[in-house]
Amino acid sequence: MIVLRYSAMILLSILLSGCMHHGGDHAAHQAMLERPQSYTRSMANYQIPDATLIDQDGSRLPLPQLLKSSEPYALNFIFTSCTTICPVMSATFFQVQQELGAGSHELQMISISIDPEYDTPSTLKKYAQKYGAGTNWRFLTGDAATIAEVQQSLAGYVSDKMNHRPFTLIKVPNEEKWLRVDGLATGAELVAEYRRMAGQ
Amino acid sequence: MSLVRLLLPILLIAVFGGCQARSYVKGRAAIESLSESELLTIGQKVYRDGRLADGTPVKSLVLGGVPIDGTQATCLNCHRRSGMGGAEGDRFVLPINGPALFSPRQKIYHERPAYTEASLAMALRKGADSEGQIFDPVMPVYDLPALEMAGLIAYLKQLSSKDSAGVTGESIHLATVIGPGVDPKISTAMLEVLERFFKDKNSGTRSEIRRKASGSFFHEYKNKAYRTWELHRWELSGPATTWQAQLEEYYRQQPVFALISGVIDGEWQPIHRFCEEQQIPQLLPNTDMPQVDSNENFYTLYFSKGLVLEAEVLLEHLAASSSGGRIVQLYGDGSDGAFAARALRHALTAYPQFQLEDRLLTPDSDNSLQDGAEKRVATIAWLDREEIEFLSLPMTTDTGLIYLSSSLLGGDVSEFYGKLAGQVFLIHPFNQPEDRDVRFKRLETWLELRKIPFTQPRVQGQTFYAAMILGEGLMHIKSYFYRDYLLDVLDHGDRMALYANNYPRLSFGPGQRYLAKGASVVDLSRDKDASLVEPVVWITP
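By convention here, each chain's residues receive numbers from 1 onward along its written sequence. Labels are handed out in written order, letters beginning with A for the chains and numbers beginning with 1 for the ligands. Restriction of local features to residues with pLDDT of at least 70 applies here, the model being predicted, together with a cutoff of 80 or more for giving and counting side-chain atom pairs; totals for whole chains, interfaces and linings are based on all residues. Just so you know, side-chain values use all the structure's heavy atoms and leave hydrogens and water out.

Participant: It is not clear to me how the overall build of chain A should be interpreted in this structure. Could you clarify?
Facilitator: Strands are runs of DSSP state E lasting at least 2 residues, helices are runs of H or I lasting at least 4, and numbering of each runs from the N terminus. When you go through chain A residue by residue, the secondary structure sums to 7 helices and 8 strands. Contacts: residue pairs with any heavy atoms within 4.5 Å of one another. Sequence separation of at least 24 residues holds for 71% of the intrachain contacts in chain A that already meet a minimum separation of 6.

Participant: Teacher, can you tell me more about helix H5 (residues 121-130) of chain A here?
Facilitator: Note: α-helices contain 3.6 residues per turn, so residues at a spacing of three or four share the same orientation. All names here are of chain A. Taken together, the buried positions of H5 are Leu124, Tyr127 and Ala128. The buried side chains of H5 occupy one side of the element, clustering within an arc of 100 degrees when seen end-on. In H5, the exposed positions that point more than 90 degrees away from the buried face belong to Lys126 and Gln129. The secondary structure elements touched by the buried residues of H5 are strand E4 (73-78), helix H4 (85-100), strand E5 (108-113) and strand E6 (137-141). Phi turns positive, to about 65 degrees, at glycine 132, one or two residues after H5. Accessibility here uses a 1.4 Å probe with only protein chains present; expressed as a share of the type maximum, an area under 20% marks a residue as buried, one over 50% as exposed, and anything in between as partly exposed. Throughout, the arc means the angular range of directions from the helix axis out to the C-beta atoms.

Participant: Which parts of the structure should I look at to understand the sheet that holds E4(A)?
Facilitator: The strands that make up a sheet are held in pairs by hydrogen bonds between backbone atoms, and each pair lies either parallel or antiparallel. Residues and elements named next belong to chain A. For two strands to be treated as a pair, DSSP must find no fewer than two bridges joining them. Across the sheet, which stays open at both edges, the 8 strands sit in the order E1-E8-E7-E4-E5-E6-E2-E3 with mixed pairing between neighbours. Since the sheet does not close on itself, it has two edges, and those belong to strand E1 (39-44) and strand E3 (60-62), each with one partner. Strand-to-strand twist of the sheet, defined as the mean angle between neighbouring strand axes without regard to direction, takes the value 30 degrees. Of the pairings in the sheet, the one linking E4 to strand E7 (residues 167-171) comprises 4 bridges and is antiparallel in character. Bridge pairing in E7 links tyrosine 73 to lysine 171. Where helices are involved, their axes are fitted lines through C-alpha atoms of the stretch in contact, as for all axes, and angles between N-to-C directions lie from 0 to 180°. Here H4 sits on the sheet in contact with E4, E5, E6 and E7, set at roughly 160 degrees to E4. The strands that H5 touches are strand E2 (52-55), E4, E5 and E6; relative to E6, the one it contacts most, it runs at about 150 degrees.

Participant: Explain the side chain of Thr74(B) to me, please; I cannot follow it from the model alone.
Facilitator: Its location among the elements puts Thr74(B) in the loop between strand E2 (66-69) and helix H3 (75-79). Apart from the residues within four sequence positions on either side, Thr74(B) is in contact with Tyr47(B), Arg48(B), Asp49(B), Gly50(B) and Tyr142(B).

Participant: Hey, could you run me through the interface of chain B and chain A in this one?
Facilitator: It is common to give the size of an interface as the accessible area that goes away when the parts come together. Each partner contributes residues to the interface: chain B has 45 residues there, and chain A has 44 residues. Defined in terms of a 1.4 Å probe, buried area is the accessible area two parts forfeit on being brought together, summed over both. Carbon and sulfur atoms supply 62% of the area buried between chain B and chain A, which totals about 4000 Å² over both sides. Of all residues in chain B, Leu63(B), Glu88(B) and Lys126(B) give up the largest surface area on contact with chain A, accounting jointly for 17% of the area buried on that side. By definition, a salt bridge exists where a carboxyl oxygen of Asp or Glu is found within 4 Å of a side-chain nitrogen of Lys or Arg. Across the chain B-chain A interface, the total number found is 2 salt bridges. Polar contacts, as used here, are pairs of N or O atoms within 3.5 Å; protein pairs need one atom able to donate a hydrogen and one able to accept it. Residues neighboring in sequence count only if both atoms are side-chain atoms. For the pair chain B and chain A, the interface holds 12 residue pairs in polar contact (both at pLDDT 80 or more). A class-by-class count of the residues in the side of chain B that touches chain A yields 19 nonpolar, 13 polar and 13 charged. Three categories are distinguished: nonpolar for Ala, Val, Leu, Ile, Met, Phe, Trp, Tyr, Cys and Pro, charged for Asp, Glu, Lys and Arg, and polar for the others, with Gly belonging to the last.

Participant: Explain a positive patch on the surface here, please?
Facilitator: A residue counts toward a patch only above 30% relative accessible area and without a salt bridge, and it is joined to like-charged neighbours within 9 Å or, for Val, Leu, Ile, Met, Phe, Trp and Tyr, to nonpolar neighbours within 5 Å. For every accessible area listed, the method is Shrake-Rupley and the probe measures 1.4 Å; residues are considered covered only by the protein chains on display. This count recognises Lys and Arg as positive and Asp and Glu as negative, with His and chain-terminal groups excluded. For charged residues, the charge sits on one atom: NZ in Lys, CZ in Arg, CG in Asp, CD in Glu. Taken together, Lys201(B), Arg206(B), Arg210(B), Arg211(B) and Lys222(B) make up a surface patch of like positive charges. Following the sequence through the fold, Arg210(B) ends up in helix H8 (residues 208-214).

Participant: Would you mind showing me how to read the environment of Phe354(B) here?
Facilitator: All names here are of chain B. Following the sequence through the fold, phenylalanine 354 ends up in strand E12 (residues 354-360). For the pair phenylalanine 354 and arginine 376, spaced 22 residues apart in sequence, the C-alpha separation works out to 9.9 Å. In contact with phenylalanine 354, other than residues within four places in its own chain, are Leu318, Ala319, Ser322, Gly324, Gly325, Ile327, Leu348 and Val377.

Participant: Explain the packing of aromatic side chains here, please?
Facilitator: Two numbers describe a pair of aromatic rings. These are the distance of the centres and the angle of the planes. Residues and elements named next belong to chain A. Ring geometry is summarised as follows: Phe, Tyr and Trp rings, the Trp one being its six-membered ring, pair when their centres sit within 6.5 Å, and such pairs are stacked at plane angles under 30 degrees, edge-to-face over 60 and tilted between the two. The tally for this structure, following the rule as stated, stands at 27 aromatic pairs over all chains. Between the aromatic rings of tyrosine 127 and phenylalanine 139, the centroid separation amounts to 5.8 Å while the plane-to-plane angle is 80 degrees, which identifies the pairing as edge-to-face. In this pair, tyrosine 127 is assigned in helix H5 and phenylalanine 139 in strand E6, connecting sequence segments 12 residues apart. Cluster of aromatic residues (ring-pair linked, three or more members): Phe93, Tyr127, Tyr131, Trp137 and Phe139.

Participant: What is the right way to look at helix H16 (residues 433-449) of chain B in this model?
Facilitator: Residue and element names in this part refer to chain B. The first and last C-alpha atoms of H16 sit 24 Å apart over 17 residues, in line with the 24 Å expected at 1.5 Å per residue. Bending of H16 peaks at approximately 50 degrees at the position of lysine 441. When H16 is considered as a whole, its buried residues turn out to be Phe440, Leu443, Trp446 and Leu447. Against the buried residues of H16 lie helix H7 (184-202) and helix H17 (457-477). Lysine 451 occupies a position one or two residues after H16 and carries a positive phi of about 55 degrees. In a helix, the anticipated span is given by 1.5 Å times the number of residues less one. Fitting one axis to the seven residues ending at a residue and another to the seven starting there, the bend at that residue is the angle between the two axes.

Participant: Would you mind showing me how to read the pairing of strand E13 (residues 378-382) of chain B here?
Facilitator: Remark: a regular strand shows side chains that alternate across the two faces of the sheet. Residues and elements named next belong to chain B. Judged by how many residues are buried, E13 sits mostly within the fold: 5 of 5 residues are covered. Here E13 shows two buried faces, one formed by Ala378, Ile380 and Trp382 and the other by Thr379 and Ala381. Here strand E11 (residues 325-331) pairs with E13 via 5 bridges, running parallel. Bridging from a neighbouring strand, glutamine 329 pairs with isoleucine 380 of E13. Note: E13 against strand E14 (residues 401-405), 4 bridges, orientation parallel. Each bridged residue has a counterpart across the sheet, and for alanine 381 the counterpart in E14 is leucine 404.

Participant: Looking at this structure, how should I read the pairing of E2(A)?
Facilitator: Residues and elements named next belong to chain A. Along E2, the buried face is formed by Leu53 and Asp55; none of Thr52 and Ile54, which line the opposite face, is buried. Bridge count between E2 and E3: 3 bridges; the pairing is antiparallel. Within the sheet, the bridge partner assigned to leucine 53 lies in E3 and is leucine 61. Where E2 folds back on E3, the antiparallel hairpin that results is connected by 4 residues, among which glycine 58 adopts a positive phi of roughly 90 degrees. Two strands pair when backbone bridges link them, and E2 and E6 are joined in this way by 2 bridges, in the antiparallel orientation. Across the sheet, residue isoleucine 54 finds its bridge partner in E6, namely threonine 141.

Participant: Honestly, the sheet that holds strand E10 (residues 300-304) of chain B in this entry has me stumped. Any pointers?
Facilitator: All names here are of chain B. Spatially, the 6 strands line up as an open sheet ordered E7-E6-E8-E9-E10-E16, and their pairing is parallel. Strand pairing shows two members of the sheet lacking a second neighbour, strand E7 (228-235) and strand E16 (514-516), which therefore form its edges. The pairing of strand E8 (residues 258-260) with strand E9 (residues 282-283) spans 2 bridges and is classified as parallel. Bridging from a neighbouring strand, leucine 259 pairs with glutamine 282 of E9.

Participant: How should I be thinking about the packing of helix H2 (residues 36-49) of chain B against helix H6 (residues 146-158) of chain B in this particular structure?
Facilitator: Between two packed helices, both the angle of their axes relative to each other and the distance between the axes serve to describe the pair. Residue and element names in this part refer to chain B. One way to put it is that H2 packs onto H6 with a least axis distance of 7 Å and a crossing angle of 90 degrees. When the axes of H2 and H6 are compared, the pair comes out roughly perpendicular. Listed contacts from H6 to Leu39, Leu40, Ile42, Gly43, Gln44, Val46, Tyr47 and Arg48 of H2 are Leu147, Glu148, Ala150, Gly151, Leu152, Ala154, Tyr155, Leu156 and Gln158. In terms of residue class, the contact of H2 with H6 is made up of 11 nonpolar, 4 polar and 2 charged. Roughly parallel means an angle under 35 degrees; roughly antiparallel means over 145; roughly perpendicular covers 65 to 115; every other angle is labelled oblique.

Participant: Quick question: what am I supposed to make of the environment of Gly262(B) here?
Facilitator: All names here are of chain B. Summarising the element assignment, glycine 262 is placed in the loop between E8 and helix H11 (269-278). Classification of glycine 262 as buried rests on a relative accessible area of 0%. Along the chain, glycine 262 and glycine 179 lie 83 residues apart, while their C-alpha atoms are 8.3 Å from each other. Non-local contacts of glycine 262, meaning those with residues more than four positions away in its chain, are made with Thr176, Val177, Met190, Trp268, Pro285 and Asn286.

Participant: Honestly, the pattern of salt bridges in this entry has me stumped. Any pointers?
Facilitator: Pairs can form between side chains of opposite charge once their charged atoms are near each other. Considering all chains together, one arrives at 26 salt bridges over all chains under this definition. A salt bridge links Glu357(B) to Arg326(B); the shortest N-O distance between them is 2.6 Å. Of this pair, Glu357(B) sits in strand E12 while Arg326(B) sits in strand E11; the two residues are 31 residues apart in sequence, bridging distant segments of the chain. The exposure class of Glu357(B) is partly exposed, given its relative accessible area of 33%. The exposure class assigned to Arg326(B) is buried, which follows from its relative accessible area of 8%. One network of salt bridges, with partners in common, ties together Arg41(A), Glu193(A) and Arg196(A).

Structure representation (structure tokens):
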């Protein structure tokens, strides 16, 4: 799988770079092959707080109800004005969507804003459109204290949003624990992790 | 036959190669025919918007293979407007301004030689530098055609490549704007805080001047950055239509690096526009009438949207309890009341269930709140302390819900708490009275030590905070005196939110130019002893 992934990366790099040749190519490819895995995985237990959040359409959603559903889901924390990490995480969720097939409802995806004051439902709606979110990808916000509580209970709290770190949580029915993917995994990797969790 | 076999590939190569060479030559000729400014426009479009010259998004891949639309992964996104980069979470975003790219990098991070145009183009396409060092996986690779690549490289070459005006080897020049007709108590309170803050800053109590001349080499990067702060008063006169020319003249006489604080009687729009045009940062002016409908707002950092925020909060609150109906808004003949009334009318376009009527309130008009007409769902009083005296109290249920503006009433609004009968709400973007003392403690002590009377909590608090933010920003830009960089570093200013004195919550973020995003709605009819100071609700519209 890893070999395949890196082969794909190299192929895409070559395609993108056209027919240019340069002495640094070989070294670049070698370094890319040697790149360590960009994420770590662990299993964790979390207590879901009795909090109510608001989605991009303004609907109020009790979190325990949302997260105890019988459907598998992937969850991350983002904020719409984030400059570096969140655009990548959102592009990754879009890729998950694509990997599973357009219109697939196999996996629910949830992105919770850690900048609730700025990320109002209408701001999140624009962001969702920008990243091509389908109906199974929901964006949540809420009041500042509730969001902090949710972050704390999912071991993702940072006092300054600019210090946030990328991670994704994956939960499947009939499994008490969550899979925590720390770092920046690609969409294909997230799908593979989810399928492994789900025993597919 | 064998000759054909032999010649055909050669022929094909020749034809194909010829086509390529011709298209390359044609491409180069097209690029060379462009003027420098045309090339920079193309480059800026790639850098800031992630779009090609024809407007289509640049194609890019991130994490070694995840497709990401160029508009979602612009250069500006991570490296920011100044190109000076920054840090987010565990990621360092390296500077990509002209001096950084086109000189060798040593000491920090990966060493590399200076980029050439060719090696930079290669790096952007391949995701690795000329030494073969792979970039962080969050740095995308870009599929840029020759024209856009040439434009981007030209843009990067000039990006943050020389100090902005307003800085000399010894000083950094800053100005504060004071408009005509401002209550002297307000302008004096502001100037006292600013002048004293500057004086303290320039007193060199931490040996900054000595260290600049002969400090240790490993702290040179910050010691050399030390400048004395020079404050210029830009006092305006006459009608607002003439201010632009006055500001330009002040700037011509003495260019400044940034504008700090400031106060005018009226809308901030003329100063806002001047700052956008001249590309001058304006930090935290004392205004309730900011420009909010502009597409272009990079240079002015406001405390909040002021009365526009209040209007939006008010309507959201009203819409939660009323299905629709008639609203009457009262305002006096001052510029702020009229501004608020306009803001409400504008915000009302999102609430078609309400019908709005305006009433200008003067000492001579019939100022009873009832008008005998159809019952209303709300009465909005955009009135200051003097104007509110004209109102005939008590208010009755015929008026519907009554809303007052804390910004317009000014001063200590706690006197209104629990005093008004009927359903009266105060839109209050500031701290609740019980938090006020704690939040102002730092400022009060600072003023007391300098024997400055604490007479105007709001303007003194805001001005002190603006000066602190300026200090924070200048400390972080070190010797890189680029104005855009000052604003870029303040995007990371969330830790400064803790020191806010007037506002319960300020939040900084990339590109966020209005720090306070919400306001509380206080039910003034609740009994003071029954913890009435609890806001009814906090609304972020």
